[in-house]
Structures are given as C-alpha cells and as structure tokens.
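# Understanding the architecture of this molecule
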Amino acid sequence: MMKGLLMKDLKLMMTQFAFFILLPAVGAVFVVPTGEMSMGFGYITAISGLIGVTTVNYDSYDNGFAYLFTLPVSRRGYVKEKYIFAALSSVAVMMAVGVFMWALMAAVHPENAYAFTDFLGDMENSYLIALTALAFMLPVFLKFGAEKSRFVLLIIAGIFMGVMIGVSQVEALRDVELGRGNWARVITPILCLVWLSASYLISVRIMEKKDF
C-alpha cells in the first residue's frame, strides 16, 4: 500500500506542474542579476521543504481522511509515507533546480562559478536544513490542519530562524577536525536524523489519537 500512497502523492504533486516550471525561473532571477546563487538556493530550499507537507491538505479536504482509512492503510503507515515522500520530493526539486542554477551561474557569470563538488557540499547542507524544516512542519499540519497551522508555523518560523543562526555558527567552525573528517559534517546529519525520528514518533501519536 506504500507504493499506492506514494503514487497518489506524486500525482497530486504533478497537478502543480506550472509551479515547478516556475522554480527555475525564480532561480534565474536570483542568479542572472546578482551573480550569486546562495539567496536563490535558500529560497528553493524553503519551498522544497513544503512540497510534501502540502499533500496533507489534499488528504484532509472534504473529510478525505475518513475515506482514506477505510482502505488498507494504517495510520502509522500513512505517516511513514508522508516522511518518505517529503524527503524524496525535496531532494528531487533541490537537485533539479540547483543543477540548473549552477549551470546558469557557470554560463552567465563564469568568474563567480565554483566546482561542482563544492556545489554538492552546499546541497548536502541545504538538504539537511530542508529535512529539519520538514520535521517541524509535518506534525503541526497533522495536528492542526492547514488553516490553524499557519499561525503555529509563524511561531515555529521564529524558532527555526534561531536554529538557522546556530547552524551558521556551526558552519563557521568547519575547519575544526574530528578524527578523519570535519566534526560538523559528522554531527549535523546525526542530529538531523535524531530530530526526524522524534518528529516521526510525534506525528504517529498525533494520527493515532485523531478521530475522523
């Protein structure tokens, strides 16, 4: 049934095809005039973290959950699929738009271009940020729904900004070595995985307590 849920969400996502076509254009708006891609890629990172979460709104529309759970779908399985789909869709969008922006930078502003391996390192950091945002947002959307979540997410956005400032401070220490590699590169993915695991368990508990 996991495959069926993933296909459902993929088809829902493809209904927003025009939106995805617009993302490279947004990236170009940042790259072409400024000659740098950090701000544009940061925007794409934020958007990519929302893609999987928005499918919850479609599922809840017109009492959709009540119908969905008449099918052989467990609540735990539903939550698991949301995290998997959100993680996969996020990395797909980031990679596609990111590679486009990197190639555009190399073509339009070759003096500012940097190695593809460095770009992949930035991708890794941005993806961890997107996953962290996802871990904040999914439990909120499952608990409060789309309308109420807007107000809650405003509060979370403030907290998240604080986290981002902390992450930037960690990035400043990337020259510090831990064993064979950089300690920040080792610890940050572990912390992200721990937070995702906690977020998943919270989301499962939320869904198991809901009445539809």
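A quick note: this is a predicted structure, and the numbers were derived from the prediction, not measured.

## Observations concerning the side chain of threonine 55
On the secondary structure map, threonine 55 appears in helix 3 (residues 38–60). Exposure remark for threonine 55: the relative accessible area of 2% places this residue in the buried category. A polar atom in the side chain of threonine 55 sits 2.8 Å from the side chain of lysine 82. The residues contacting threonine 55, other than those within four sequence positions of it, are Asp9, Lys82 and Phe85.

## Description of the pattern of salt bridges
Taken as a whole, this structure holds five salt bridges when the rule is applied. Between aspartate 9 and lysine 82 there is a salt bridge; the shortest N-O distance is 2.9 Å. You can see aspartate 9 sitting in helix 1 (residues 2–14) and its partner lysine 82 sitting in helix 5 (residues 75–108), a full 73 residues away along the chain. Summarising the burial analysis for this pair, aspartate 9 and lysine 82 share the class buried. Here lysine 82 ties to aspartate 59 by a salt bridge, and the two come within 2.8 Å at their closest N and O atoms. Pair noted here: lysine 82 is in helix 5 and aspartate 59 is in helix 3, with a separation of 23 residues, a long-range link. Judged by its relative accessible area of 8%, aspartate 59 is buried. In this structure, a network of salt bridges that share partners links the residues Lys8, Asp9, Asp59 and Lys82.

## Here we look at helix 1
Between the first and last C-alpha of helix 1 there are 18 Å, a value that for 13 residues agrees with the 18 Å anticipated at 1.5 Å per step. Every buried residue belonging to helix 1 is among Leu5, Asp9, Leu12 and Met13, and all of these are buried. What you see down the axis of helix 1 is that its buried residues fit within an arc of 100°, all on one side. The exposed set on the far side of helix 1, more than 90 degrees from its buried face, consists of Lys3 and Lys11. Lining the buried residues of helix 1 we find helix 2 (17–34), helix 3, helix 4 (64–68) and helix 5.

## Details of the packing of aromatic side chains
What the rule picks out here adds up to five aromatic pairs. Ring plane angle 85° and centroid distance 5.5 Å describe the contact between phenylalanine 65 and tyrosine 78, whose orientation is recorded as edge-to-face. Linking phenylalanine 65 in helix 4 with tyrosine 78 in helix 5, this pair joins segments that are 13 residues apart in sequence. Judged on exposure class, the residue phenylalanine 65 and its partner tyrosine 78 are both buried. Taken together, the aromatic side chains of Phe65, Phe69 and Tyr78 make up a single cluster linked through ring pairs. The ring of phenylalanine 69 carries arginine 75 above its face, with NZ or CZ at 5.3 Å from the centroid.

## Looking at the confidence of the model for the chain
Across the chain, pLDDT averages 77, with 80% of residues at or above 70. When mean pLDDT is taken per element in the chain, helix 5 scores highest with 88 and strand 1 (residues 177–178) scores lowest with 44.

## A look at the nonpolar core
Among the nonpolar cores identified, the biggest contains 48 residues, and Tyr78 and Val79 are the most heavily contacted of them. Of all the secondary structure elements, the ones that give two or more residues to this core are helix 1, helix 2, helix 3, helix 4, helix 5, helix 6 (116–171) and helix 7 (183–209). With 13 residues, helix 6 is the single largest residue contributor to this core. Filtering out sequence-adjacent residues up to four positions away, tyrosine 78 remains in contact with Leu5, Val56, Asp59, Phe65, Leu68, Phe69, Val73, Leu142 and Met207.

Reading the values: the criteria
- Residues numbered from 1 in each chain as written.
- Predicted model: local features only at pLDDT ≥ 70, side-chain atom pairs only at ≥ 80, totals over all residues.
- Heavy atoms only, no water.
- Helix = DSSP H or I, 4+ residues; strand = E, 2+ residues; numbered from the N terminus.
- Buried < 20%, exposed > 50% of the residue type's maximum accessible area, 1.4 Å probe, protein only.
- Polar contact = N/O pair within 3.5 Å; in protein donor to acceptor, adjacent residues only side chain to side chain.
- Contact = heavy atoms within 4.5 Å.
- Salt bridge = Lys/Arg side-chain N within 4 Å of Asp/Glu carboxyl O.
- Expected span 1.5 Å × (residues − 1).
- Arc of directions from axis to C-beta.
- Phe/Tyr/Trp six-rings, centres within 6.5 Å; stacked < 30°, edge-to-face > 60°.
- Lys NZ or Arg CZ within 6 Å of the ring centre and 35° of its normal.
- pLDDT = per-residue confidence, 0-100.
- Core = buried A, V, L, I, M, F, W, Y, C linked by side-chain atoms within 4.5 Å.

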